[in-house]
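For reference, the chains in residue letters:
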There are 2 protein chains.
Amino acid sequence: MIQLSPLLLLPLFSVFNSIADASTEYLRPQIHLTPDQGWMNDPNGMFYDRKDKLWHVYFQHNPDKKSIWATPVTWGHSTSKDLLTWDYHGNALEPENDDEGIFSGSVVVDRNNTSGFFNDSTDPEQRIVAIYTNNAQLQTQEIAYSLDKGYSFIKYDQNPVINVNSSQQRDPKVLWHDESNQWIMVVAKTQEFKVQIYGSPDLKKWDLKSNFTSNGYLGFQYECPGLFKLPIENPLNDTVTSKWVLLLAINPGSPLGGSINEYFIGDFDGTTFHPDDGATRFMDIGKDFYAFQSFDNTEPEDGALGLAWASNWQYANTVPTENWRSSMSLVRNYTLKYVDVNPENYGLTLIQKPPVFDTKETRKNDTLKSIDTVNEYEVTDLKLDKYSNVATDFNSWRNSTGILEFTLKFTQTKFGFSYSNDTTFGIFINSQTVRGTQETLKVAFDALSSSWYVDRSTQHPFQRETSMFTERLSTYVEKMDESDDGIEFSLHGVVDRDILELYFNDGSIAMTSTFFFSQGKIPTSLAIVTDAEESFITINEFVVKELGFK
Amino acid sequence: MIQLSPLLLLPLFSVFNSIADASTEYLRPQIHLTPDQGWMNDPNGMFYDRKDKLWHVYFQHNPDKKSIWATPVTWGHSTSKDLLTWDYHGNALEPENDDEGIFSGSVVVDRNNTSGFFNDSTDPEQRIVAIYTNNAQLQTQEIAYSLDKGYSFIKYDQNPVINVNSSQQRDPKVLWHDESNQWIMVVAKTQEFKVQIYGSPDLKKWDLKSNFTSNGYLGFQYECPGLFKLPIENPLNDTVTSKWVLLLAINPGSPLGGSINEYFIGDFDGTTFHPDDGATRFMDIGKDFYAFQSFDNTEPEDGALGLAWASNWQYANTVPTENWRSSMSLVRNYTLKYVDVNPENYGLTLIQKPPVFDTKETRKNDTLKSIDTVNEYEVTDLKLDKYSNVATDFNSWRNSTGILEFTLKFTQTKFGFSYSNDTTFGIFINSQTVRGTQETLKVAFDALSSSWYVDRSTQHPFQRETSMFTERLSTYVEKMDESDDGIEFSLHGVVDRDILELYFNDGSIAMTSTFFFSQGKIPTSLAIVTDAEESFITINEFVVKELGFK
């Protein structure tokens with residue numbers, strides 16, 4: 001079950017009206033992974049246990065209540081049946097000494113016992129090996145195995161498995177590469193801007209195969225690389241139906257400030273990653289999506305599943321949550337797709353979709369679902385203008401869950417604007433009124449510039465005083481499609497207490513933003529507003545759901 | 001002389017206390033190029049007339065007082081003796097029809113009359129040929145020549161010189177390539193993400209040599225490419241003492257929102273540009289630096305000189321200046337230099353320095369200088385803490401010029417901070433007090449994250465209401481140098497009415513930001529403030545100059 005504070009547990013759709021200011025539990029996301037208490041950063045060791053149908057996420061952790069990054073850094077551990085609600089299990093891996101850390105890494109299911117760590121008493125589906133960075137005097141790559149389905153680990157007695165005598169080699173992500181019949185590791189030689197690719201037959205002996213050097217936006221250093229093969233949703237021919245994607249995190253030094261994830265599309269031959277072009281692409285154009293990792297051992301025909309740390313090193317240690325700091329993003333499903341990038345051109349793009357309470361497993365097995373729709377609001381076929389009244393009618397602010405999911409499909413019907421036209425409509429995400437004040441998160445589309453923007457300004461002193469907490473972010477979007485009425489766009493959004501995830505145009509652009517309402521305020525209602533006298537868009541469909549626990 | 005409104009002309013250091021709110025002339029930069037009236041965007045045709053020692057800048061222009069982008073788009077024209085004060089000459093090139101435009105392009109000095117446009121009556125140093133995009137049904141590349149030193153042009157009677165039957169090929173920048181004895185043009189095939197390289201013996205016949213495709217951050221489209229060879233300030237050996245740099249503008253679609261300039265370092269062989277690596281680098285990490293162009297015909301041993309349009313298409317048409325819209329950046333001097341990018345690595349980086357009233361020409365010839373220091377303030381060797389009083393003492397707010405230049409060199413002397421330490425100091429750029437309110441532009445350094453940030457929030461309604469006017473921007477900086485006392489950093493800043501240009505670490509990172517104080521306020525004073533009880537930096541040198549006209 002999800003970790004709720006006692007205050008929130010009763011009644012079922014929790015009372016959330018006037019939490020004392022001293023408590024910051026009102027800011028805790030409900031369908032995003034957070035640690036019960038203490039500090040969290042990068043996701044680690046993510047894998048799916050096919051036997052027990054259980055999703056495991058480890059994470060960089062220090063359970064101390066000060067909730068700031070500090071050694072000893074451990075692997076905290078949470079599990080989920082439905083990828084929305086998470087059970088916290090404390091530390092799964094700890095360093096030898098208090099001034100050291102088990103830094104980021106990955107887990108593989110060593111079904112065929114290539115490592116020799118297992119015997120018949122461990123089910124092949126639960127032969128769990130962790131590959132991580134031991135951060136002591138140097139950064140070395142070490143391994144450990146679990147005989148209890150991933151709840152605890154035994155460190156290999158001949159660690160490290162890679163030692164290049166460097167304090168700056170870290171974050172191994174390992175996958176089984178069927179085509180070359182070997183384990184492949186991508187690991188960052190951080191300050192040399194290298195993603196190093198190693199191969200191994202047994203997870204113990206590793207050979208350096210190649211370096212992917214000085215590509216993308218460099219920032220200060222490379223961290224947390226990844227590599228996966230993704231299906232192309234709409235292949236151009238029968239030959240190329242999938243592509244490899246190399247993932248990379250840079251921090252600090254994002255052009256937006258701080259931390260960001262980028263990716264490269266290309267081919268991988270078991271030795272070298274060959275990018276298709278020289279382009280730099282960011283995974284998520286918000287400021288709160290870092291150190292992405294994909295799950296090992298998922299079933300590949302669906303694409304990959306993964307998540308990222310939903311924060312930014314510029315302010316992660318000072319965000320105004322008291323007993324824990326930060327959450328993960330929602331788990332997202334990843335594929336590739338050719339999409340229009342401008343009127344003359346299309347390109348292969350990463351597609352991200354959050355499977356909010358509708359994963360393959362939960363579709364198969366309804367009892368796995370932990371989340372239900374508490375309230376629903378729908379508008380269809382509306383020519384939006386300033387006289388339209390588009391606002392949720394939940395009348396539920398006294399017992400809101402603070403979890404809203406919305407889908408908007410619309411057609412821009414007017415073109416050829418001048419600068420004096422009203423060409424903007426906003427989606428206002430409003431809090432309840434507390435002590436006479438209400439706060440609003442603004443998401444808006446400007447038809448003149450074909451751009452979406454977020455303004456996450458709130459009244460919270462943390463935000464007002466933290467200049468690196470960039471409040472205004474924006475992105476260009478190309479049309480998704482054309483019809484006789486005009487050009488079509490879509491937006492899928494999930495807002496959960498202190499985090500807003502936006503998926504533009506069927507997941508071809510994502511933007512993740514944390515935000516902090518003050519005085520116990522949580523998101524309770526949505527409205528669409530415009531000042532335009534004459535409609536310039538038609539809302540084809542706008543559906544808002546308030547989500548709550550079963 | 002610079003174009004001042006009558007209000008500003010008397011007395012010499014203009015009275016600027018209580019301009020009526022209706023006038024927005026208080027926002028007009030004084031040492032940045034602005035059009036007398038009307039709309040301006042990309043710089044065009046920039047060249048240096050060595051005979052008359054005169055700098056020419058053309059620009060995308062429409063002199064209509066509505067000051068918004070509209071056809072007919074012309075080439076406006078301004079000239080300068082000192083690169084700080086500019087004479088406006090109206091339109092130099094106009095399209096054939098009112099719904100068309102002379103879009104961006106460049107000028108070369110055709111000293112050897114390769115084009116055949118000139119005879120002995122035109123001095124070789126003043127054989128001016130413009131190469132531009134004619135924007136009508138298609139975008140074609142055309143040329144025109146001037147027989148009056150660049151003040152007016154005669155269009156070639158066999159235009160276009162390049163017609164690829166496209167509405168999306170534009171912004172030719174031409175240079176003489178000595179090594180291959182030909183003219184080289186870089187031009188954008190915008191939506192195909194191509195920089196096309198053409199060669200010509202005579203500026204009339206052009207052959208496509210190569211395409212530089214899908215590199216860098218792609219955005220919506222490529223615009224305004226550039227190519228120049230720059231000296232390396234600190235070459236690693238005697239063989240490689242210079243490198244070629246390919247420049248590129250993308251709009252919309254910058255990760256910061258809207259418009260941005262990027263660059264690639266490599267080699268050019270007369271046919272193809274070969275980048276040294278796959279890295280994406282932005283020229284300026286603010287939101288107001290677009291469509292950069294370099295001057296033709298400067299003397300190469302100094303590096304290149306160039307400037308950019310200091311605005312962003314996200315808000316350029318709506319900024320709150322009434323009779324004109326936007327300015328150029330300061331002219332900057334460009335070189336390359338190996339700088340530290342992290343503790344383990346260094347890299348070749350573009351170095352930008354504004355030659356504020358100290359160009360080679362003005363050094364040689366003092367009578368060319370139009371700008372003087374009106375007031376000066378200096379602090380040296382100060383351990384900064386909350387009790388320090390570092391603030392300009394100009395006492396000049398009643399007749400300030402609104403132009404401040406400052407240089408800060410400092411040493412970070414304390415390390416190993418925790419998150420509860422005060423690790424930030426700010427440079428506050430304050431306005432005078434008008435009707436009881438003062439506004440402040442904040443530039444701050446955080447030693448914990450080794451980052452600079454700008455918070456350009458003001459009380460102006462335009463800024464408050466324009467969510468795409470991102471107010472908070474930040475950048476990581478690596479140390480410049482080390483000493484026994486700690487690690488050293490520097491910052492050079494110029495603030496001029498509504499624009500702030502920051503040059504971190506001797507020009508290795510630049511950040512350009514426009515801002516709009518309300519109610520006639522202009523920048524009048526600077527202070528350095530910190531809340532730290534215990535000093536964590538020593539100010540080695542802090543010099544502030546208020547600049548004014550001679």
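Residues numbered from 1 in each chain as written. Chains lettered and ligands numbered in written order. Predicted model: local features only at pLDDT ≥ 70, side-chain atom pairs only at ≥ 80, totals over all residues. Heavy atoms only, no water.

Points about the overall build of chain A
In terms of helices and strands, chain A carries three helices and 36 strands. In terms of overall size, chain A behaves like a compact globule, its C-alpha atoms giving a radius of gyration of 23 Å where 550 residues would be expected to give roughly 24 Å. Its C-alpha atoms put chain A at 70 × 55 × 45 Å along the principal axes. Looking at chain A as a whole, 65% of its 550 residues qualify as buried. Taking as baseline every contact in chain A between residues at least 6 positions apart, the subset at least 24 positions apart corresponds to 64%. Accessible surface, chain A: about 19000 Å² in total, of which carbon and sulfur atoms supply 45%. For chain A, the centre of its 45 positive side-chain charges and the centre of its 75 negative side-chain charges are spaced 2 Å apart. (Helix = DSSP H or I, 4+ residues; strand = E, 2+ residues; numbered from the N terminus. Rg over C-alpha atoms; globule rule 2.2 N^0.38 Å. Buried < 20%, exposed > 50% of the residue type's maximum accessible area, 1.4 Å probe, protein only. Contact = heavy atoms within 4.5 Å. Areas by Shrake-Rupley, 256 points an atom, 1.4 Å probe, with all protein chains shown as cover. Lys, Arg positive; Asp, Glu negative; His and termini not counted. Charge placed at Lys NZ, Arg CZ, Asp CG, Glu CD.)

Here we look at unusual backbone geometry
Residue B:P72 follows B:T71 across a cis peptide bond; omega there is -5°. Along the chain, the position of B:P72 falls in the loop between β2 (54-62) and β3 (74-80). The residue after B:N251, namely B:P252, is reached through a cis peptide bond having omega -15°. Of note, the phi angle at A:R435 is positive, near 50°, even though the residue is not glycine. For A:R435, the location among the structural elements is in the loop between β27 (424-431) and β28 (440-446). What makes A:R435 exposed here is its relative accessible area of 63%. In this model, B:S326 sits at a positive phi of 80°, which is unusual for a non-glycine residue. Note on placement: B:S326 falls in the loop between β21 (324-325) and β22 (332-342).

Focus: the UniProt feature "domain: Glycosyl hydrolase family 32 C-terminal" (unreviewed entry) in chain A
Listed under "domain: Glycosyl hydrolase family 32 C-terminal" (unreviewed entry) in the UniProt record, and renumbered for this structure, are residues 399-521 of chain A. Helix makes up 4% of residues 399-521 of chain A and strand 50%, with an end-to-end C-alpha separation of 12 Å. (UniProt positions renumbered as here; feature names shortened; annotations may be inferred.)

Details of the pairing of strand β32 (residues 486-496) of chain A
Residues and elements named next belong to chain A. Taken across its eleven residues, β32 has ten buried, putting it largely inside the fold. By the bridge criterion, ten bridges tie strand β26 (residues 403-412) to β32 in an arrangement that is antiparallel. Note that in β32 the partner of F406 across the bridge is G493. One ladder, built from three bridges, connects strand β31 (residues 481-483) with β32; its direction is antiparallel. The residue bridging E482 from the neighbouring strand is I487, located in β32. Between the antiparallel neighbours β31 and β32 lie two residues. Summarising the sheet, β32 and strand β33 (residues 499-504) pair through six bridges and their orientation is antiparallel. Counted as the bridge partner of H492 is Y503 from β33. (Pairing = 2+ DSSP bridges.)

Here we look at the domain arrangement of chain A
The figure often quoted for interface size is the accessible area lost as the parts come together. Residue and element names in this part refer to chain A. Once the domains are mapped, chain A shows domain 1 (37-353) and domain 2 (370-549). Taking only C-alpha atoms, the centre of domain 1 and the centre of domain 2 are 31 Å apart. Taken together, the contact between domain 1 and domain 2 spans 34 residues of the former and 30 residues of the latter. At the junction of domain 1 and domain 2, the tally comes to four salt bridges. Scanning the region where domain 1 abuts domain 2 turns up 15 residue pairs in polar contact (both at pLDDT 80 or more). Taken together, the elements giving at least two residues each to the side of domain 1 that touches domain 2 come down to β22 (332-342) and β23 (345-353). Tallying contributions element by element places β22 first for the side of domain 1 that touches domain 2, with six residues. (Domains from an automatic or database assignment. Salt bridge = Lys/Arg side-chain N within 4 Å of Asp/Glu carboxyl O. Polar contact = N/O pair within 3.5 Å; in protein donor to acceptor, adjacent residues only side chain to side chain.)

Overview of the interface of chain B and chain A
Between chain B and chain A, the contact holds 54 residues from the first and 53 residues from the second. When the buried surface of chain B facing chain A is broken down by residue, B:Y419, B:S467 and B:R472 rank first, second and third, together holding 18% of it. Applying the counting rule to chain B against chain A returns two salt bridges. Here B:E471 makes a salt bridge to A:R472, at a shortest N to O gap of 3.8 Å. Between chain B and chain A we count 33 residue pairs in polar contact (both at pLDDT 80 or more) in total. Within the residue set of the side of chain B that touches chain A, elements represented by two or more residues are β13 (215-217), β18 (278-282), β22, β29 (451-455), α3 (461-465) and β30 (472-476) of chain B. Among the elements that line the side of chain B that touches chain A, the one with the most residues is β18(B), at five residues. (Buried area = accessible area lost by both parts, 1.4 Å probe.)

Thoughts on the pattern of salt bridges
Residues and elements named next belong to chain A. In this structure the tally under the stated criterion is 47 salt bridges over all chains. A salt bridge links E534 to K414; the shortest N-O distance between them is 3.5 Å. Remark: K414 occurs in the loop between β26 and β27 and E534 occurs in the loop between β35 (523-530) and β36 (537-549); sequence separation between them is 120 residues. A residue is classified by how much of its surface remains accessible, and E534, at 52% relative accessible area, is exposed. Each member of the salt-bridge network shares a partner with another, and the members are R170, D171 and E223.

Things to note about the sheet that holds β22(B)
All names here are of chain B. As summarised here, the arrangement of the four strands in space is β19-β20-β22-β23, forming an open sheet in which the pairing is antiparallel. What marks the edges here is a single partner per strand, and that holds for β19 (290-294) and β23 (345-353). Geometrically, the sheet is characterised by an average inter-axis angle of 45° between neighbouring strands, direction not taken into account. Sheet topology note: the strand β20 (residues 304-309)/β22 ladder contains three bridges and is antiparallel. Within the sheet, the bridge partner assigned to G306 lies in β22 and is R332. (Axes fitted to C-alpha atoms, helices over the stretch in contact; angles between N-to-C directions.)

Some remarks on the packing of aromatic side chains
Taken as a whole, this structure holds 86 aromatic pairs over all chains when the rule is applied. For the pair B:W176 and B:W183, a centre-to-centre distance of 5.0 Å together with 75° between the ring planes defines the contact as edge-to-face. Accessibility expressed as a relative area gives 31% for B:W176, which makes it partly exposed. The buried category is assigned to B:W183, whose relative accessible area is 4%. In this structure an aromatic cluster arises from ring pairing among A:F410, A:F417, A:F425, A:F445, A:W452, A:F489, A:F504 and A:F536. Positioned above the aromatic ring of B:W324, the side-chain terminus of B:R28 is 4.1 Å from the ring centre. (Phe/Tyr/Trp six-rings, centres within 6.5 Å; stacked < 30°, edge-to-face > 60°. Lys NZ or Arg CZ within 6 Å of the ring centre and 35° of its normal.)

Points about the relation of the copies chain B and chain A
With an RMSD of 0.0 Å, the operation that places chain B on chain A is a rotation of 180° combined with a shift of 0.0 Å along the axis. These values place the two chain copies in the arrangement generated by a two-fold rotation axis. Here 98% of the interface residues in chain B have copies in chain A that are interface residues too; the copies meet face to matching face. (Least-squares fit on C-alpha atoms with pLDDT ≥ 70 in both.)

As for the sheet that holds strand β21 (residues 324-325) of chain A
All names here are of chain A. Across the sheet, which stays open at both edges, the five strands sit in the order β4-β3-β2-β1-β21 with mixed pairing between neighbours. Among the strands making up the open sheet, the edge pair consists of β4 (87-93) and β21. In the sheet, strand β2 (residues 54-62) pairs with strand β3 (residues 74-80) via seven bridges, with the strands oriented antiparallel. Across the sheet, the residue bridging to F59 is G76, located in β3.

Some details on the side chain of A:Q412
Residues and elements named next belong to chain A. Tracing the backbone shows Q412 in strand β26. Here Q412 falls in the buried class, since its relative accessible area comes to 3%. Within the structure, the side chain of Q412 is placed 3.1 Å from the backbone oxygen of K414, a separation counted as a polar contact. When near neighbours in sequence (up to four residues on either side) are disregarded, Q412 contacts F417, F445, A447, D485, G486, I487, F489, F536 and I537.

Describing the environment of A:E125
All names here are of chain A. Topologically, E125 is positioned in the loop between β5 (101-109) and β6 (128-135). For the pair formed by E125 and K409, sequence separation is 284 residues and the distance between their alpha carbons is 42 Å. Setting aside residues no more than four positions away along its own chain, E125 makes contact with D49, R50, K51, V109, R111 and N297.

As for the confidence of the model for chain A
Residues and elements named next belong to chain A. Summary statistics for chain A give a mean pLDDT of 93 and a share of 93% for residues scoring 70 or more. Predicted confidence is poor over residues 1-21, with pLDDT under 50, and the contacts of this stretch with residues over four places away or in other chains come to 50 contacts. This complex was scored by the predictor with a pTM of 0.94 and an ipTM of 0.93. (pLDDT = per-residue confidence, 0-100.)

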